[in-house]
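Given next are the chains, with one letter for each unit.
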Amino acid sequence: MLTVYPYFLKAAWVTIQLSVLTTILGLFCGGLGAAARLSRFVVLRYIGAAYVSFIRGTPALIQLFILYFGGPQIGIQLDAFEAGVIGLGVNIGAYMTETIRGAIISIDKGQIEAARTLGMSRGQSFRKVVLPQAMRLMIRPLGVNINALIKGTALVAAISVVELTYTAQRYIGSTYKPFEMFLISGILYMIIIYITSRAVTWLDNKAKIV
Amino acid sequence: MGLDFSVVPDYLDVIFLGALWTIAITVGAAVLSFFGGIFFAVIALYAPTLVRLPLRAFEWLFMGTPLLLQLFLIYFGLVQIGIDLPAFVAGVVGLGLHFAVYNSELIQTAIVAVDKGQMEAARTVGLSRGQALRKVVIPQAVRDVIPPIGNNMIALLKDSALVSVIGVTELTLSAQLAIGRTYRPFEFYVVAALFYYIINLGMEAVLRRIERRVQAAR
């Protein structure tokens, strides 16, 4: 029993790496997606809407398979870990697009009008007035997205990345101690999620106007 | 190796059958998650501590761990203690329980939000506590959370792809079977994605109708 712990810890580290990289890529895609959806240009708005609709309308697992197994057919060669990060990042990016867009459009229109009246350009009023306020609103919902993403990293077990779920599955198969294996990996997931949500709460409190 | 979608029509019947299984799993798990959610919510709110605490731990575990891991536990784990569920049943139970926990959270808040006067009035008219819950409080609570429960069910449809991993021949695994014969992963996964997208649109339309009807009944 004791001999399996190091493997689980190593696997947890892979899950953490996956989560961090996916979060970064997801925020990037989410920012781009939100910018496209709120753009002045119709074409960009359509592209943004199509991105959100297709990604949110199909299973992440299928998206991962298209990228990893189908990628080589269109000249994209990725190893399982890279495919996992890119697939999951683009996936969660669609959800983050909606989170970020939601926060931005919930800022009162009067704020922009006031900023414009003071002589700021469209870009300035967005950067200096709307965005700082929207950022504050999006911390919590983005935290929910990240929480889902951490659990979502389990999907890469299906393309044989040796992370927590893959490791648990392997030892459930070989040890005859399914519940112990489930519990070990489950507790590790919960520790990762707990730390993340504490960090989000800390950030949210820090961003609050006193 | 370029793309060649001309092989797809030969396997459309396989894919179509897989799509029907995906719908069956989704509907089965959705029903289980709905009633399971109500059941868990009632226990969480009204059962004695001795029953409530283990359930709380169970909920905690199911919300804090990936669905895929839970499916592995239910399918590969239960066999080792002598419970041999067919893959389809394991899939429906796993998805159903997972989303029941999420639905339970929603329903709990909604039950608490129903005006206390409703329960008091029902008791005054002579209904027992259980009857009052079943016939007066819960219907009103559930009505309030139909939209977020609907969102959970859309998520459930997409997560049903995960049961391919435990060997249920639904849409994803059907696509994989076709790929095994043709070595055309890109084509068949894209086709599977399109099927999911269409089922998703259909499901959203159904949910919108239900929401509208529930709103009208108010």
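If you're wondering where the values come from, they're calculated on a predicted model, not measured in any experiment.

**Observations concerning the layout of surface pockets**
Residue and element names in this part refer to chain A.
And then number 1: The computed volume of the second largest pocket comes to approximately 1000 Å³.
And then number 2: Taken together, 34 residues form the lining of the second largest pocket, with Leu38, Ile104, Phe126, Val130 and Leu131 sitting closest to its centre.
And then number 3: If one sorts the elements of the lining of the second largest pocket by residue count, helix α6 (residues 122-152) sits on top with 12 residues.
And then number 4: When grouped by side-chain class, the residues that make up the lining of the second largest pocket number 23 nonpolar, six polar and five charged.

**Some words on the interface of chain A and chain B**
And then number 1: Between chain A and chain B, the contact holds 36 residues from the first and 38 residues from the second.
And then number 2: Of the roughly 3300 Å² buried where chain A meets chain B, counting both sides, 77% is carbon and sulfur surface.
And then number 3: Here chain A is connected to chain B by eight residue pairs in polar contact (both at pLDDT 80 or more).
And then number 4: When residues of the side of chain A that touches chain B are traced back to their parent elements, those giving at least two are α2 (42-57), α3 (60-70), α7 (164-175) and α8 (178-207) of chain A.

**Considerations on helix α8 (residues 171-182) of chain B**
And then number 1: The end-to-end C-alpha separation of α8(B) is 17 Å, in line with the 16 Å expected for 12 residues at 1.5 Å each.
And then number 2: Considered for burial, the residues of α8(B) that qualify are B:Leu171, B:Thr172, B:Leu173, B:Ser174, B:Ala175, B:Ala178, B:Ile179 and B:Thr182.
And then number 3: On the buried face of α8(B), the contacting elements are α3 of chain A together with α1 (12-46) and α9 (185-216) of chain B.
And then number 4: One side-chain oxygen at the N-terminal end of α8(B) lies 3.2 Å from the backbone nitrogen of B:Thr172; it belongs to B:Glu170.
And then number 5: Directly after α8(B), the chain includes B:Tyr183, whose backbone phi takes a positive value near 55 degrees.

**A few points about the environment of B:Ala155**
And then number 1: Summarising the element assignment, B:Ala155 is placed in helix α7 (residues 146-159).
And then number 2: Note: C-alpha distance between B:Ala155 and B:Trp21 (134 residues apart in sequence) is 17 Å.

**So, the UniProt feature "domain: ABC transmembrane type-1" (unreviewed entry) in chain B**
And then number 1: Feature annotation in UniProt places "domain: ABC transmembrane type-1" (unreviewed entry) on residues 19-207 of chain B, given in this structure's numbering.
And then number 2: Annotated as 84% helix and 0% strand, the span residues 19-207 of chain B places its first and last C-alpha atoms 19 Å apart.

Basis of the calculations
Residues numbered from 1 in each chain as written. Chains lettered and ligands numbered in written order. Predicted model: local features only at pLDDT ≥ 70, side-chain atom pairs only at ≥ 80, totals over all residues. Heavy atoms only, no water. 1 Å grid on protein atoms, 1.4 Å probe; cavity = no way out; pocket = protein on both sides within 12 Å on 5 of 7 lines; lining within 4 Å. Points joined across faces, edges and corners; volume = space filled by probe spheres on them. Helix = DSSP H or I, 4+ residues; strand = E, 2+ residues; numbered from the N terminus. Nonpolar A, V, L, I, M, F, W, Y, C, P; charged D, E, K, R; others polar. Contact = heavy atoms within 4.5 Å. Buried area = accessible area lost by both parts, 1.4 Å probe. Polar contact = N/O pair within 3.5 Å; in protein donor to acceptor, adjacent residues only side chain to side chain. Expected span 1.5 Å × (residues − 1). Buried < 20%, exposed > 50% of the residue type's maximum accessible area, 1.4 Å probe, protein only. UniProt positions renumbered as here; feature names shortened; annotations may be inferred.

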